[in-house]
Amino acid sequence: MSDFPTLWLQILGVGLFMTSSRPSQGEAPKQSVFVNISVDEPRALEDLNQLKSYDLAGVRWDQHQVELIVDGQELEEIQSLGFQVSFAPEGGISQQSVEGYQTPDEVVQGLEKLATSYPETVRLFELGKTTRQRPIMGIEISNHLEDPTKPVVLFNAMHHAREVMTTEVLLHMAETLAMDQGQDPQIKTWLDQLRVVIVPQVNPDGNALVHEGRNMWRKNAWSNQDKLAGVDLNRNYPAYWNHCNGSSGSSSSDTFRGPTAGSEPETKALMNLISQLKPIADISYHSYGEMIIYPFGCSSVNNIARELFQSVGQEIKQGIVDDGGRKNTYRLGTAPQILYEADGTDLDWQWNQHGVLAYTIEMNTQGFQPDYKSWRSLTVTRQEGGWRALLDRMVKSGVQVLVKGNRLDEVTVVVNKKSQPADHNEASFLGVRWSLRSSAGLVYNLLTPGRYELMLYRGDQVIKSLDVDVQDKLVDL
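Conventions we followed
- Throughout, a residue's number is its position along its own chain's written sequence, starting from 1.
- Whole-chain, interface and lining totals are the exception, using all residues; otherwise, since this is a predicted model, local features are given only for residues with pLDDT of at least 70 and side-chain atom pairs are given and counted only at 80 or more.
- Processing note: side-chain calculations cover all non-hydrogen atoms of the structure and skip hydrogens and water entirely.
- Each helix corresponds to a stretch of at least 4 residues labelled H or I by DSSP, and each strand to a stretch of at least 2 residues labelled E; elements are numbered beginning at the N terminus.
- Accessible surface is estimated by sampling points in the Shrake-Rupley manner with a 1.4 Å probe; for residues, cover comes only from the protein chains shown.
- Disulfides are defined in this document as cysteine sulfur pairs within 2.5 Å.
- By definition, two strands form a pair when at least two bridges between them are found by DSSP.
- A fitted line through C-alpha atoms serves as each axis, taken over the contacting stretch for helices, and the angle formed by two N-to-C directions is quoted from 0 to 180°.
- Residue contacts are defined here by distance: any two heavy atoms, one from each residue, within 4.5 Å place the two residues in contact.
- A pair of aromatic rings is counted whenever rings of Phe, Tyr or Trp (Trp by its six-membered ring) have centres within 6.5 Å, and the orientation is called stacked for planes under 30 degrees apart, edge-to-face for over 60 and tilted otherwise.
- A 1.4 Å probe rolled over the protein chains alone gives each residue an accessible area, and that area as a share of the maximum for its type sets the label: buried under 20%, exposed over 50%, partly exposed in between.
- Comment: the charge-over-ring label is applied if NZ (Lys) or CZ (Arg) is within 6 Å of the ring centre and within 35 degrees of the ring normal.

J.: How do you make sense of the overall build of the protein when you look at a structure like this?
T.: Broken down by element type, the protein carries 11 helices and 20 strands. When the accessible area of the protein is evaluated, it comes to approximately 18,400 Å², of which 44% is carbon and sulfur surface.

J.: So what exactly am I meant to see when it comes to the state of the cysteines here?
T.: Each disulfide is one covalent bond, formed between the sulfur atoms of two cysteines. A full pass over the atoms with the stated rule returns 1 disulfide. Each sulfur of the disulfide joining C244 and C298 lies 2.1 Å from the other. Judged by the sign of its S-S torsion, about -75 degrees, the cystine formed by C244 and C298 is left-handed. Residue C244 is found in the loop between β10 (227-228) and α7 (265-277), and its partner C298 is found in the loop between β12 (291-294) and α8 (306-319); the two are separated by 54 residues along the sequence.

J.: I tried to follow the sheet that holds strand β5 (residues 122-129) on my own but got confused; where do I start?
T.: Two orientations exist for strands paired in a sheet by backbone hydrogen bonds: parallel and antiparallel. Taken together, 8 strands build an open sheet; the order of strands is β5-β6-β8-β7-β11-β14-β12-β13 and the sheet is mixed. Where the open sheet ends on each side, the last strands, each with one partner, are β5 and β13 (331-334). Across the sheet, the mean angle from the axis of one strand to that of its neighbour is 20 degrees, orientation sign disregarded. Across 4 bridges, the pairing between β12 and β13 is parallel. Bridge pairing in β13 links I292 to L332. Contacting β5, β6 (135-141), β7 (152-157) and β8 (195-199), α7 runs over the sheet at an angle of about 135 degrees to β5.

J.: Could you clarify how one ought to interpret the packing of aromatic side chains in this entry?
T.: Under the definition given, this model contains 9 aromatic pairs. Centre to centre, the rings of Y288 and F368 are 5.9 Å apart; their planes meet at 75 degrees, and the pair counts as edge-to-face. With Y288 in the loop between β11 (281-287) and β12 and F368 in the loop between β14 (357-363) and α11 (372-394), this residue pair connects regions lying 80 residues apart in the sequence. Pair check on accessibility: Y288 and F368 agree, each one buried. When the ring of Y294 is compared with that of Y359, the centres are 6.3 Å apart and the planes differ by 75 degrees; the resulting orientation is edge-to-face. Pair noted here: Y294 is in strand β12 and Y359 is in strand β14, with a separation of 65 residues, a long-range link. There is no split in this pair, since Y294 and Y359 are both buried. Within the aromatic cluster, the residues linked to one another by ring pairs are Y294, F309, W351 and Y359. The residue whose ring lies beneath R331 is W61, and the NZ or CZ to ring-centre distance is 3.7 Å. In this arrangement the basic side chain of R433 is found over the ring face of Y457, its NZ or CZ atom lying 5.5 Å from the centre.

As structure tokens, this is what we get:
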């Protein structure tokens, strides 16, 4: 690289939204039911927004149904609203088993073994502790560990405790990247050019509760007046917290947003990691519903980078195989477009605060805990094409500027798109400000093809102006 700017091209990727537990003493017993939603898309979204106050486990779009976990009173309420309800066979997901899935301790042991076996390319670290003081562990995989001149891509899983398959996907990813570099030249390219950071369990406290018998527990282990209540970690992030009726203020709700924005140690831990690493992209894995979701979770908030999110998301979509063995079938869009409004999510905070191209992948249609023997190997293999597509995009179309000198914290880049397709009416990336990705002066962002003007500022002063023609290959200036 030259001493001043060096430009590249790249891109990104990011779960989220679905929601019970075995009743504790005094709680009404719950069961799984299927509720029919409209076959008409706009009306189906209205139905989902009407039902989201209940424990909405997942969506089966091909059957025009949602699965809810409800008690008797809630069931009567739903029927009184005019919805057609059928009972899930053999108790549905509320009777699923976590047999075979890894406990929090087993996850940590697996990560430790990987780091010990591949010390030159795998770094194990603790990003924080939970409410109950369990470690939240992550690993970095790269041929240039902790090198601040290399861009970071992040993957996280299990914001929601019962979504146990999400952790399995990331453990499979970590093993594949660490073990297969010698046999797979594509992996070597990624590890030469990137730092891949993986957090398989954001919510180990909640997952411990799942393994202890509360197999439908969603939240963390926050206690209210010494009583376990739990906070939905993916409604607790400060960006648009409590903004659009996309979460609950009741601690008994499975979408309880927490007492204050960013209140939970698990939320703080991931926020601190992202603020430190400033990744280019992130995929957050959730279940279930076969969807790819990007910012923003509130319909009132406009995403000026929609074109970019849609473009990268489409590549991720094309790589994923659904539960029926088909490719390119996942629904892609913002939460209000394809599901319902959700506020305080990690992907909204990441994009809003640090410009991270963040996605949620809602995977599976088999519930939160598909039979391990039947579905584990199938699912992690079928998800592999999605994360591979993101990593591949990360080393292609994007812009990198390496700025050297003093007062790096004041350097920003303003980008304007100078060319648009003839039929394109929406302003895209007009006057967007990019800040540094690392202490080494790294500015790194993904773009869609077109001509851009990049202006480097130190304070209010323009110190460099560049015209860049972005195509689908690396540009080195």
